[in-house]
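Close look at the chain arrangement
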Amino acid sequence: MNPALRILRPGPLTTVQDLGRAGLGSLGVSRSGAADRGALRAANRLVGNTGCCAALETTLGGLALRACGDLRMAVTGPPVPLTVTGPDGSTDGPLTVPTGTTFDLADGAQLRMGRPTRGLRNYLAVCGGIDVLPVLGSRSRDLLSGLGPEPVQVGDELPVGTGGGVDPVRDAEPTTGPIHGADPIRLNLILGPRQDLFTGSALDLLFGQVWTVTPASNRIGLRLSGAQPLERLDQAERPSEPMVPGAVQVPTSGQPVIFGPDHPASGGYPVIGVLTVAAQDLAGQARPGDAVVFTSIGTDATTIPVRPTSA
Amino acid sequence: MTAPRTTVRQMGESALLVEADRPLALHAALTASPAPGQVDIVPAERTVLVVLAEGTDLRQVRAHLESLRPADQQEIPGSLVEIGVDYTGEDLLPLAATLGMEVDTLIGRHAAAEWTVAFVGFAPGFGYLTSQDWDLEVPRLARPRTSVPAGAVALAGRYSGVYPRASPGGWQLLGTTARRMWDTTAEHPALLTPGTRVRFRDNRSADRGIG
């Protein structure tokens, strides 16, 4: 039997994700891919996969699965309860596994994931990678465009590839990553391209006000809510422009939306700033109710992009 | 020909948004002569997004953009795609009335125009088509439909487009085509890419053997 993961319970939302489909913007295709790319890379590194292997991205945990074949795996992201039980009939008692380490799941054994107390998304990588059929060069599910494999369902059997075993990093090289669910979550942002369409007080509010992540948030975007909306100098209709992950778009309501990996390819509302790559991973772990503040790390021609250290 | 002044704005750590009078010409120039670190170029209505590999020195990219001479920025005519249409869309009659013309006049003008894909957006493979032969301004529906079928040929603003798959939509529907706009298993998944030229053909004419 070929190695596979049999899904017993998908949790609220589990999708297959890799690093996404770059370079297809002119076809109207967004990058998609893991919402926390650092955590995905760490999971792949732990099991010795190349960085482009696909893994499972869970949302608020809840995943349960059974191994078909002996599998090596790792779960990264915020700390989440992980329990391994042996195959049916075995006397192996439930075993607790920490996040951020490699463990083996014997043929027939089960893994159950609880719910993280902070943060939002965990990444389960298996040695060899999830080997579903790629679409346009990626196995990522794009929830907006519908590209890639359907979200994981009960009874799914996800094939495991044979491409693993590069160089497993058994003793987790610091995969500490971001502090999940820091309060408030600090997001570094590069102003622009359309910051000049906003009032001066809007820019002050953007950085001075605490924003709350609303329940209407998903992989397409984090919808934020603040006490005072961001005001534009005028409300003229604007030509549609290409979008990027991490773009902070301000619709007519003045309440910003941070675009996630499955963002629309283009949009007509102005983008006041764009999160740094590191901050995009942090945003990928923000859950409804979390507080968010923005910090400017500059803009314009003279800006040399800074890679801030994630906390 | 004077050099068009272009404004270049940073869009995050690894992308630059370039204002362009003729986005397709800049798109063609950057296809022929890519900027250092360039991984994607995305034209839109008035801009071109240049996406760069992480860690690319944006100053070098700016210098490259400055170095593109206007003479380099020629729109290269793309391939011509013919799309057969059954002009039986739900909005055809009311739209013709709104525009104050006969239905056949509206169909005739749509099918006579040579269109070009200005950019792709809204959904994978959804080309925004413009034409110098087309000056009709068509309002979007006040209440967008919750589902427009794949292959619907539609108008909005000064654009025409074909829905690549069933989706919600507020464009006015002229008809449908059986031609597939988007196929992820094909070598070229999108039939329409920036610069592609399009001519719509009235299927009734074909039936009559008129052409």
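Residues numbered from 1 in each chain as written. Chains lettered and ligands numbered in written order. Predicted model: local features only at pLDDT ≥ 70, side-chain atom pairs only at ≥ 80, totals over all residues. Heavy atoms only, no water.

Considerations on the overall build of chain A
For clarity, the cut-off: Elements are defined by DSSP. Helices are runs of H or I of four residues or more, strands are runs of E of two residues or more, and each kind is numbered from the N terminus. Using a 1.4 Å probe, the Shrake-Rupley method yields the accessible areas, and only the shown protein chains count as cover for residues.
Looking only at helices and strands, chain A has 3 helices and 20 strands in total. Put simply, chain A shows about 12,100 Å² of open surface, and 54% of that area lies on carbon and sulfur atoms.

Here's the deal with the confidence of the model for chain A
When pLDDT drops low, the exact placement of atoms in the prediction is not to be read closely. What counts is decided by this rule: Every residue gets a pLDDT, meaning the predictor's confidence in that residue, from 0 to 100. Contact definition: two residues touch when any of their heavy atoms are within 4.5 Å.
For chain A, mean pLDDT is 91; residues scoring 70 or higher make up 90% of the total. Counted against residues more than four places away or in other chains, residues 300–311 of chain A, with its pLDDT under 50, gives 24 contacts.

Some points on the domain arrangement of chain B
All names here are of chain B. Where we set the bar: Note that the domain bounds reflect an automated or database-derived domain assignment. Here the buried area means the combined drop in accessible surface, using a 1.4 Å probe, for two parts upon being joined, counting both sides. Here a polar contact means two N or O atoms within 3.5 Å. Within protein one must be a hydrogen donor candidate and the other an acceptor candidate, and residues neighboring in sequence count only if both atoms are side-chain atoms. Residue polarity follows a fixed list, in which Ala, Val, Leu, Ile, Met, Phe, Trp, Tyr, Cys and Pro are nonpolar, Asp, Glu, Lys and Arg are charged, and the others, Gly among them, are polar.
The domain architecture assigned to chain B consists of domain 1 (6–72) and domain 2 (80–207). When each unit is reduced to the centre of its C-alpha atoms, the spacing between domain 1 and domain 2 is 29 Å. In this complex, domain 1 contributes 5 residues to the contact, which on the side of domain 2 involves 7 residues. Summed over both partners, the interface of domain 1 with domain 2 buries about 430 Å², with 71% contributed by carbon and sulfur atoms. Considering only the surface of domain 1 that becomes buried against domain 2, Leu24, Pro43 and Glu45 emerge as the three largest contributors, covering 78% of it. At the surface where domain 1 touches domain 2, the tally comes to 1 residue pair in polar contact (both at pLDDT 80 or more). The class makeup of the residues in the side of domain 1 that touches domain 2 is 3 nonpolar, 1 polar and 1 charged.

Remarks on the pattern of salt bridges
Should the charged atoms of two oppositely charged side chains come close, the side chains can pair. What counts here: Salt bridges are counted wherever a side-chain nitrogen of Lys or Arg sits within 4 Å of a carboxyl oxygen of Asp or Glu. The buried label applies to any residue whose accessible area, calculated with a 1.4 Å probe on protein chains only, is under 20% of its type's maximum; exposed applies above 50%, and partly exposed to all values in between.
Under the defined criterion, the tally for this structure stands at 23 salt bridges over all chains. Notably, a salt bridge pairs Arg145(B) with Asp91(B), separated by 2.9 Å at the nearest N-O pair. Separated by 54 residues along the polypeptide, Arg145(B) in strand S8 (residues 145–148) and Asp91(B) in the loop between strand S5 (80–85) and helix H3 (92–99) bring together distant segments of the chain. Here Arg145(B) matches Asp91(B) in class, with each residue buried. Overlapping salt bridges, with partners in common, bring together Arg194(A), Asp196(A), Arg238(A), Glu241(A), Arg9(B) and Glu19(B) in one network.

Looking at the packing of aromatic side chains
Residue and element names in this part refer to chain B. Test applied: Stacked, edge-to-face and tilted are the three classes for Phe, Tyr and Trp ring pairs, Trp counted by its six-membered ring, which pair at centre distances within 6.5 Å; planes under 30 degrees apart are stacked, over 60 edge-to-face, the rest tilted.
Under the defined criterion, the tally for this structure stands at 11 aromatic pairs over all chains. The interplanar angle of 50 degrees and the centroid separation of 5.2 Å between the aromatic rings of Trp115 and Trp134 together place this pair among those described as tilted. Of this pair, Trp115 sits in strand S6 (residues 115–120) while Trp134 sits in the loop between strand S7 (127–130) and S8, and the two are 19 residues apart along the sequence. Residue Trp115 is classed as buried on the basis of its relative accessible area of 0%. The class of Trp134 is buried, set by a relative accessible area of 4%. Taking the centre distance of 6.3 Å and the plane angle of 75 degrees together, the rings of Trp115 and Phe200 count as edge-to-face. Placement of the pair is Trp115 in strand S6 and Phe200 in strand S13 (residues 197–202), with a sequence separation of 85 residues. With respect to class, Trp115 is no different from Phe200; both count as buried. Here a set of aromatic residues connected by ring pairs shows up, and it is made of Phe119, Phe122, Phe126, Tyr128, Tyr159, Tyr163 and Trp171.

Here's the deal with the domain arrangement of chain A
Where the parts come together, the accessible area they lose is often given as the size of the interface. Residues and elements named next belong to chain A. Domain parsing of chain A yields domain 1 (4–159) and domain 2 (185–310). On a C-alpha basis, the centres of domain 1 and domain 2 stand 28 Å from each other. Counting residues at the interface gives 27 residues for domain 1, matched by 15 residues for domain 2. Both faces combined, the contact of domain 1 with domain 2 buries some 1,600 Å², and carbon together with sulfur accounts for 46% of it. Broken down residue by residue, the surface that domain 1 buries against domain 2 is led by Ser30, Arg121 and Leu144, which jointly contribute 29%. Where domain 1 packs against domain 2, one counts 1 salt bridge. Notably, a salt bridge pairs Arg219 with Glu57, separated by 3.0 Å at the nearest N-O pair. By residue class, the composition of the side of domain 1 that touches domain 2 is 9 nonpolar, 9 polar and 9 charged.

Quick word on the side chain of Arg21(A)
Residue and element names in this part refer to chain A. The following threshold applies: Charged residues are defined narrowly, with Lys and Arg counted positive, Asp and Glu counted negative, and His plus the chain ends left uncounted.
Tracing the sequence through the fold places Arg21 in the loop between strand S2 (13–17) and helix H1 (37–46). Buried Arg21, no salt bridge; nearest opposite-charge side chain is Asp142, N-O distance 5.0 Å. In this structure the side chain of Arg21 is engaged in a polar contact, spanning 2.8 Å, whose partner is the backbone oxygen of Ser140. The residues contacting Arg21, other than those within four sequence positions of it, are Val29, Ser30, Arg31, Ser32, Val135, Leu136, Ser138, Ser140, Asp142, Leu147 and Gly148.

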